[in-house]
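Summary of the model geometry
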Amino acid sequence: MTYLSHLECSECRQHFNAGELHHLCPVCGAPLWARYDLDRAKRELDRDRYAIRPNGLWRWAELLPIDDPAQRIDLGEGGTPLLRIDRLAAELGLRDVWLKDEGRNPTGSFKARGMATAVTRAKALGVTEFVVPTAGNAGGAAAAYAARAGLKIHIYMPKDAPPANIKECLDVGADVHLIDGLINDAGRLAAAEAGKHGWFDLATLKEPYRVEGKKTMGYEIAQAMQWNLPDVIVYPAGGGTGLIG
Ligand SMILES: [Zn+2]
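Conventions used here
- Residues numbered from 1 in each chain as written.
- Predicted model: local features only at pLDDT ≥ 70, side-chain atom pairs only at ≥ 80, totals over all residues.
- Heavy atoms only, no water.
- Donors = N, O, S within 2.8 Å, 3.2 Å for Na, K, Ca; no water.
- Tetrahedral: all angles 85-135°; square planar, octahedral: opposite > 155°, others 65-115°.
- Helix = DSSP H or I, 4+ residues; strand = E, 2+ residues; numbered from the N terminus.
- Buried < 20%, exposed > 50% of the residue type's maximum accessible area, 1.4 Å probe, protein only.
- Lys, Arg positive; Asp, Glu negative; His and termini not counted.
- Salt bridge = Lys/Arg side-chain N within 4 Å of Asp/Glu carboxyl O.
- Polar contact = N/O pair within 3.5 Å; in protein donor to acceptor, adjacent residues only side chain to side chain.
- Contact = heavy atoms within 4.5 Å.
- Pairing = 2+ DSSP bridges.
- Arc of directions from axis to C-beta.
- Core = buried A, V, L, I, M, F, W, Y, C linked by side-chain atoms within 4.5 Å.
- Axes fitted to C-alpha atoms, helices over the stretch in contact; angles between N-to-C directions.
- Parallel < 35°, antiparallel > 145°, perpendicular 65-115°, else oblique.
- Left-handed = near helix turned anticlockwise from the far one by under 90°.
- Nonpolar A, V, L, I, M, F, W, Y, C, P; charged D, E, K, R; others polar.

**What about the coordination of the zinc ion?**
- The zinc ion binds to the protein through Cys9 (SG), Cys12 (SG), Cys25 (SG) and Cys28 (SG); the donor distances cover 2.2 to 2.3 Å.
- The coordination sphere of the zinc ion comprises four donor atoms, whose angles at the metal cover 100 to 119°; the geometry is tetrahedral.
- Read in sequence order, the donor residues coordinating the zinc ion give the pattern C-x2-C-x12-C-x2-C.

Structure representation (structure tokens):
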């Protein structure tokens, strides 16, 4: 079972029902975070038992936003390896440097984690049609998870996005719109179309659950390091959901 308890606004701190669909805070417009009953989780969960579960994102089920395993939209995401990179460590004058190889995820990037949890939660709450603005790999991930869920998705991307990302969206049956502009133009257009058609917008931080998938990277690193976190984690900011998660 999940310990998900409610949604909380990152700015005004108001609470909202996690059993309803939400985008941004309806009061102040800031992103919403999923909150869990961590006191109860601390009392009831044994971190050592995670190591014997099947590898992957859903290993952390109690701290993910879904109750019923049958509702998971699963393509085998998460559980990526930590690789020791000694030559780079020597070059930098460091003792221990590890690389978390997120390229092993379905669709080849960490975006798979966020789309797995966001699409899973949205479908469980009744969404049937998605839209996402993207500069590339988030679109590929969203398209793959929507296809896995058997749901429609509309993707708005700049026409100079990497051809591989455009193709991977088309290959799984997404409705792809190539636009003459940048990612923020794609975002505006996607939001307008979402409003017009009632599509669910999966844009970065506009819904609460992509962050929830991304946070499992941190759990995996902690577990692999026997729960002693590294002194430093270097992470590309990108759109921010990975870092926040
Ligand atoms: Zn708020």
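**Looking at the side chain of Arg121**
- Within the element layout of this structure, Arg121 appears in helix H3 (residues 111-124).
- Although Arg121 is buried, it makes no salt bridge; Asp67 carries the closest opposite charge, 6.5 Å away.
- At 2.5 Å, the side chain of Arg121 and the backbone oxygen of Ala18 are in polar contact.
- Setting aside residues up to four positions removed in sequence, Arg121 forms contacts with Leu4, Ala18, Gly19, Pro65, Ile66 and Tyr209.

**Examining unusual backbone geometry**
- For Arg13, which is not glycine, the phi torsion reads 65° and is therefore positive.
- Summarising the element assignment, Arg13 is placed in the loop between strand S1 (4-9) and strand S2 (15-16).
- Residues other than glycine seldom take positive phi values, yet Leu205 does so here, at roughly 65°.
- Here Leu205 is to be found in the loop between strand S9 (200-201) and helix H7 (210-214).

**Examining the sheet that holds strand S8 (residues 175-179)**
- Spatially, the four strands line up as an open sheet ordered S8-S7-S6-S9, and their pairing is parallel. Here the strands that pair on one side only, and so sit at the sheet edges, are S8 and S9.
- Sheet topology note: the strand S6 (residues 129-133)/strand S7 (residues 152-158) ladder contains five bridges and is parallel. Directly across from Glu129, in S7, lies its bridge partner Lys152.

**A few points about the side chain of His6**
- For His6, the location among the structural elements is in strand S1.
- With near-sequence residues (within four places) excluded, His6 lies in contact with His15, Phe16, Ala18, Trp33, Ala34 and Arg35.

**Section: helix H5 (residues 163-171)**
- Taken as a whole, H5 has its buried residues at Asn165, Ile166 and Cys169. For H5, the buried positions fall inside an angular range of 100° around the axis, keeping them on one side. Opposite the buried face of H5, by more than 90 degrees, sit the exposed residues Pro163, Ala164, Lys167 and Asp171.
- Those residues of H5 hidden inside the fold are in contact with helix H4 (137-149), S7 and S8.
- Positioned one or two residues after H5, Gly173 has a phi angle of 90°, which is positive.

**A few points about the nonpolar core**
- One finds Met115, Phe130, Ile153, Ile155 and Leu202 to be the most contacted residues of the largest nonpolar core, which totals 49 residues.
- Of all the elements in the fold, those that place two or more residues in this core are S1, strand S3 (32-36), H3, S6, H4, S7 and H5.
- Excluding residues within four positions of it along the chain, Leu202 makes contact with Met115, Ala118, Val119, Phe130, Val131, Val132, Ala142, Ile153, Glu207 and Arg210.
- Ile179, Ala186, Ala194 and Trp199 belong to the second largest nonpolar core, which has seven residues in total.

**Description of the packing of H3 against H4**
- Packing of H3 against H4 leaves a shortest axis separation of 9 Å and a crossing angle of 40°. When the interaxial angle is binned, H3 and H4 end up oblique. Taken as a pair, H3 and H4 cross one another with a handedness that is right-handed. For the pair formed by H3 and H4, the contact residues are Lys111, Ala112, Met115, Ala116, Val119 and Lys123 on the first element and Asn137, Ala138, Ala141, Ala142, Tyr145, Ala146 and Ala149 on the second.
- Here the contact of H3 with H4 is built from residues that sort into ten nonpolar, one polar and two charged.

**Looking at the environment of Ile153**
- Here Ile153 is to be found in strand S7.
- Look at Ile153 and you get buried, because its relative accessible area is 4%.
- C-alpha separation for the pair Ile153 and Phe200, spaced 47 residues apart in sequence, amounts to 9.1 Å.
- Apart from the residues within four sequence positions on either side, Ile153 is in contact with Phe130, Val131, Val132, Ala142, Ala143, Ala146, Ala174, Asp175 and Leu202.

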